[in-house]
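Okay, here's what each chain looks like letter by letter:
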Number of protein chains: 2
Amino acid sequence: MEEKFKLENQLCFRLYTASRLITQAYYPILSKFGLTYPQYLALLVLWEKDERPVNDIARRLMLETNTVTPLLKRMEAEGVVTRGQGKKDARQMIVKLTKKGRELQKKLTDVPETVGKAVLCESVTPETVPGLFGMLDDIIKQLKQQ
Amino acid sequence: MEEKFKLENQLCFRLYTASRLITQAYYPILSKFGLTYPQYLALLVLWEKDERPVNDIARRLMLETNTVTPLLKRMEAEGVVTRGQGKKDARQMIVKLTKKGRELQKKLTDVPETVGKAVLCESVTPETVPGLFGMLDDIIKQLKQQ
DNA sequence: GTTGTTTATATCGTTCACGATACAAATATA
DNA sequence: TATATTTGTATCGTGAACGATATAAACAAC
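So, here is what we can say about the structure in this document. Small disclaimer: the values here were computed from a predicted structure and weren't measured.

## Let's talk about the overall build of chain A
Along the backbone of chain A there are 7 helices and 3 strands. For chain A, the C-alpha atoms occupy an extent of roughly 55 × 35 × 30 Å along the three principal directions. The 146 residues of chain A split such that 46% are buried. Intrachain contacts of chain A at a sequence separation of at least 6 include 45% that bridge at least 24 residues. Summed over its atoms, the accessible surface of chain A is roughly 7600 Å², and 52% of this surface lies on carbon and sulfur atoms. Taking the average location of the 24 positive side-chain charges in chain A and that of its 18 negative ones, the two points are 8 Å from each other.

## Observations regarding the sheet that holds strand E2 (residues 81-85) of chain B
Residues and elements named next belong to chain B. The 3 strands are arranged E1-E3-E2 in an open sheet whose pairing can be described as antiparallel. Where the open sheet ends on each side, the last strands, each with one partner, are strand E1 (52-53) and E2. Direction of pairing for E1 relative to strand E3 (residues 93-97): antiparallel, over a ladder of 2 bridges. Bridging across to E3, arginine 52 finds its partner in valine 95. Packed on one face of the sheet, helix H2 (residues 37-48) meets E1, E2 and E3 and runs near 90° to E3. Along the sheet face, helix H4 (residues 65-77) touches E2 and E3 and points at about 120° away from the line of E2.

## So, the interface of chain B and chain A
Across the contact, 58 residues belong to chain B and 58 residues belong to chain A. Buried area between chain B and chain A, both sides added, is near 6000 Å², and the carbon and sulfur share of it is 70%. When the buried area of chain B at its contact with chain A is split by residue, Phe5(B), Arg14(B) and Met135(B) rank highest and sum to 12% of it. Our count for the contact surface shared by chain B and chain A stands at 4 salt bridges. Every element with two or more residues in the side of chain B that touches chain A is listed here: helix H1 (11-30), H2, helix H3 (54-61), helix H6 (111-119) and helix H7 (129-144) of chain B. It is H1(B) that provides the largest number of residues to the side of chain B that touches chain A, a total of 15 residues.

## Topic: the state of the cysteines
If you walk through the whole model with that rule in mind, you get 0 disulfides over all chains. Of the cysteine sulfurs around Cys12(A), a residue in no disulfide, the closest is that of Cys121(B), at 15 Å.

## Concerning the pattern of salt bridges
Per the stated rule, a full pass over the model turns up 22 salt bridges over all chains. The partner of Arg60(A) in a salt bridge is Glu8(B), and the shortest N-O contact between them spans 2.7 Å. Of this pair, Arg60(A) sits in helix H3 (residues 54-61) while Glu8(B) sits in the segment before H1, on two different chains. In this structure Glu8(B) comes out as partly exposed when scored by relative accessible area, which is 39%. In this structure, Lys6(B) and Glu3(B) form a salt bridge, with 2.8 Å as the shortest nitrogen-oxygen distance.

## Describing the protein's contact with DNA strand C
Contacts to DNA strand C come from 25 residues, most closely from Tyr16(A), Gln24(A), Asn55(A), Thr36(B) and Arg74(B). Contact distances for DNA strand C include 3.2 Å between a phosphate oxygen and a side-chain N or O atom of Gln39(B). The separation between a phosphate oxygen of DNA strand C and a polar main-chain atom of Ala90(B) is 3.0 Å. Elements with a minimum of two residues in the surface near DNA strand C: helix H1 (11-30), H3 and helix H4 (65-77) of chain A together with H2 and H4 of chain B. When grouped by side-chain class, the residues that make up the surface near DNA strand C number 8 nonpolar, 10 polar and 7 charged.

## With respect to helix H7 (residues 129-144) of chain A
With 16 residues, H7(A) ought to run about 22 Å at 1.5 Å a step, and its terminal C-alpha atoms sit 22 Å apart, in line with that. Looking only at H7(A), the buried set comprises Val129(A), Leu132(A), Phe133(A), Met135(A), Leu136(A), Ile139(A), Ile140(A), Gln142(A) and Leu143(A). Residues of H7(A) that are buried sit in contact with H1 of chain A together with H1, H6 and H7 of chain B.

## Some remarks on the nonpolar core
Soluble globular proteins tend to bury their nonpolar side chains together. In this structure, Tyr40(A) and Tyr40(B) are the most contacted members of the largest nonpolar core, which totals 101 residues. Of all the elements, H1(B) adds the most residues to this core, at 11 residues. Those residues in contact with Tyr40(B), other than ones at most four positions away along the chain, are Phe5(A), Tyr26(B), Leu30(B), Trp47(B), Leu108(B), Val111(B) and Pro112(B).

Procedures and definitions
- Residues numbered from 1 in each chain as written.
- Chains lettered and ligands numbered in written order.
- Predicted model: local features only at pLDDT ≥ 70, side-chain atom pairs only at ≥ 80, totals over all residues.
- Heavy atoms only, no water.
- Helix = DSSP H or I, 4+ residues; strand = E, 2+ residues; numbered from the N terminus.
- Buried < 20%, exposed > 50% of the residue type's maximum accessible area, 1.4 Å probe, protein only.
- Contact = heavy atoms within 4.5 Å.
- Areas by Shrake-Rupley, 256 points an atom, 1.4 Å probe, with all protein chains shown as cover.
- Lys, Arg positive; Asp, Glu negative; His and termini not counted.
- Charge placed at Lys NZ, Arg CZ, Asp CG, Glu CD.
- Pairing = 2+ DSSP bridges.
- Axes fitted to C-alpha atoms, helices over the stretch in contact; angles between N-to-C directions.
- Buried area = accessible area lost by both parts, 1.4 Å probe.
- Salt bridge = Lys/Arg side-chain N within 4 Å of Asp/Glu carboxyl O.
- Disulfide = S-S within 2.5 Å.
- Near = heavy atom within 4 Å.
- Polar contact = N/O pair within 3.5 Å; in protein donor to acceptor, adjacent residues only side chain to side chain.
- Nonpolar A, V, L, I, M, F, W, Y, C, P; charged D, E, K, R; others polar.
- Expected span 1.5 Å × (residues − 1).
- Core = buried A, V, L, I, M, F, W, Y, C linked by side-chain atoms within 4.5 Å.

Listed below in C-alpha cells is the structure:
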C-alpha cells in the first residue's frame, strides 16, 4: 500500500471528519430549539444583518442557492424567518428574521462558548487557534479561486 | 452584533467550508470514474486491507453503518466491490474489491498529489502541514471521546 | 419596443449523514 | 437447554449539498 493512499496522509479526510464531529457537537444544543447546524449558520448571517436576499446569504455561507432556498423554506415553516418578494428587484426573495428568530440569539447565547470549550485540547488553545484559522482561511481562499 | 456570533470567529464554519471545497476539488477527477468522494474514502480503506466487514470500514471512516451500508451497495451496483455473508460470523457482511475496484488504484494514482498541490498556499506548505494534521487530529480525538 | 443576455431564485434527482428503529445471529446467563 | 442481552447490519425518514435545468424579472443592444 502506497503512502499517498493512506487515510492518515489525507488532509481532506481530517477536515471532513473534524467538520462532521464538531457539527455533531452542536446538535444536543441546537436540536432543543428545532435547529440544524446549517440553519444555525443562516441565523448567524441574519443576526449579523437582517433582511437580506437569498443570494446574499448563500454567498456569505459559500453555498449555492439550491442548497439555501430549501433550508430557508424549512426555517420559514418553523417560524424563524419570513420570505417576501423584494420591492426594488422583484426577482429577489428577501429573508427577514421573525421575533422568534431574533429571540433565538439570546437563547443560544452560550452556544459559541460551549462548543468552543469542547474543542480545546493540547494543541488547540486560545494561543494556537489564530494560526489554525489562518491556515483554514488560506485553504478556503486557495480553493475558491480555482 | 456580538463578536462570538460572527462567522469569522467560528472554527466550525471554517472546517465545514474547507471540507466542502476540498471535497469539490476531488470531483472533476473522481466523477470520471463514477466515484464520489465518500466512495473514494471507502476505496482507500479497502486498498489498505481488502475483505473487511461493514463495521470495520465504518469504524475506520468514523461513520455509522447506516451511512456506509447504502454507500457500499451503490459501489456494488457499480461493480467496484462485492458484498457477501461472512463465514465465521453470519451477521457480518464482508466487502471485497472486484478486479475493477483494485484496478482503480492505478487509474487514480495521481489523485492524492493533484489535490495536495491544489491546496498548497502561503501558510499551507509541506513544512506546515504536519502541524495542521496534528491540530485536526487532536480536535477529532477530543470530540470522539465525548 | 423587440430581441438577447444576464441575474435571482426555484425545482428535480442523486448521494450523503444520521437518529430511530428493526431484525437476526451470536453470546451470555440462568 | 431455554431466555436474555449484545452485536452486526439494514431500513426508514429528514435535512443537507450540489449538478443540471427551468423560469421570470432586469437589463442591454439594436
